[in-house]
Amino acid sequence: MLNVIIFLSELFILFLLSRSLTNLLFTFFYRTTKSKKISVYLMSIIFLPGTVIHELAHALMAVLLRVHVGKMEFIPKLMDNNLKLGSVEIGKTDPIRRILIGMAPFIFGTSILLGIFFFAVSYNLFANLLFVIVIGYCVFEIGNTMFSSKKDMEGALEVIAALIFITLVLYFIGLRIPQINPDTIFAKVLLQQTFQKADLYLVAPVGIDIALIAIFRILRF
């Protein structure tokens, strides 16, 4: 259970760091090249794989929930002084489906990361340096692009408040959700090793983000 808590904590730290990193990195490229166009291309090259996964996650969730999907873009754009790495047009729908579509990159990103680590642990791929590099790159890409924007999560606060209210009402009238022992769920050795490796490898993007942000701050970008 401790490994799961560490994994979620690292994801939360990445969430706090990722948006600052992209904005600071774009500012660095712009001040270095003096060209917004070149800066956008450089950002696109660095984060393209993660951006594609992010936008496809939105689109796939929308399709599964029977919501119209429009045009997709994978080229970064400046919006209100913030850099948006990509976008996908989603049709109007109810708040619940809208939130699920908004959360899709995090859901799919987390699933992909755990899937990669589970596969690597199962076949002992961590003994191969090439696979270690590939896994590290995948973790950096997905870890820095899997989080939803404010626009993605529009209406989430109201729905969460409603769910909390319903939960409190059910609690006070005596209804309880059956308790689940998390230690039982994550007791298998393979799952434990998966989360252990995930915890270890997520240190890399967290460390890289912190180092880059610190350097940019020192250089006053």
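This write-up is about the structure you can find in this document. (Residues numbered from 1 in each chain as written. Predicted model: local features only at pLDDT ≥ 70, side-chain atom pairs only at ≥ 80, totals over all residues. Heavy atoms only, no water.)

1. Looking at the packing of aromatic side chains
Quick reminder of the rule: Any two of the Phe, Tyr and Trp rings considered here, Trp counted by its six-membered ring, make a pair once their centres fall within 6.5 Å; the pair's planes then place it as stacked at under 30 degrees, edge-to-face at over 60, or tilted in between. Each helix is a run of DSSP H or I of at least 4 residues and each strand a run of E of at least 2, with the numbering of both proceeding from the N terminus. Only protein chains enter the calculation, and the probe is 1.4 Å; a residue is then buried if its accessible area is under 20% of its type maximum, exposed if over 50%, and partly exposed in between.
Inspection of every chain in the model, using the stated rule, returns 11 aromatic pairs. The interplanar angle of 20 degrees and the centroid separation of 6.3 Å between the aromatic rings of Phe-47 and Phe-140 together place this pair among those described as stacked. Remark: Phe-140 occurs in helix α4 (residues 129-145) and Phe-47 occurs in helix α2 (residues 36-64); sequence separation between them is 93 residues. Judged by relative accessible area, which is 1%, Phe-47 ranks as buried.

2. Observations regarding a nonpolar patch on the surface
Going by this rule: Residues qualify for a patch when their relative accessible area is over 30% and they have no salt bridge, like charges being joined within 9 Å and the nonpolar side chains of Val, Leu, Ile, Met, Phe, Trp and Tyr within 5 Å. Here the accessible surface of atoms and residues is derived via Shrake-Rupley with a 1.4 Å probe, and residues count as covered only by protein chains that are part of the display. Every case where a carboxyl oxygen of Asp or Glu lies within 4 Å of a side-chain nitrogen of Lys or Arg is listed as a salt bridge.
Side chains of Phe-165, Ile-166, Val-169, Leu-170 and Ile-173 sit close together on the surface and give an oily, nonpolar patch of about 470 Å² of accessible area. Note that Leu-170 resides in helix α5 (residues 156-172).

3. Digging into the pattern of salt bridges
Applying the stated rule across the entire model yields two salt bridges. Residue Glu-73 pairs with Lys-71 through a salt bridge whose shortest N-O separation is 3.3 Å. In this structure Glu-73 comes out as buried when scored by relative accessible area, which is 19%. In this structure, the salt-bridge partner of Asp-94 is Arg-97, at a minimum N-O distance of 2.6 Å. Since its relative accessible area comes to 29%, Arg-97 is described here as partly exposed.

Any functional reading would require information that these geometric values do not contain.
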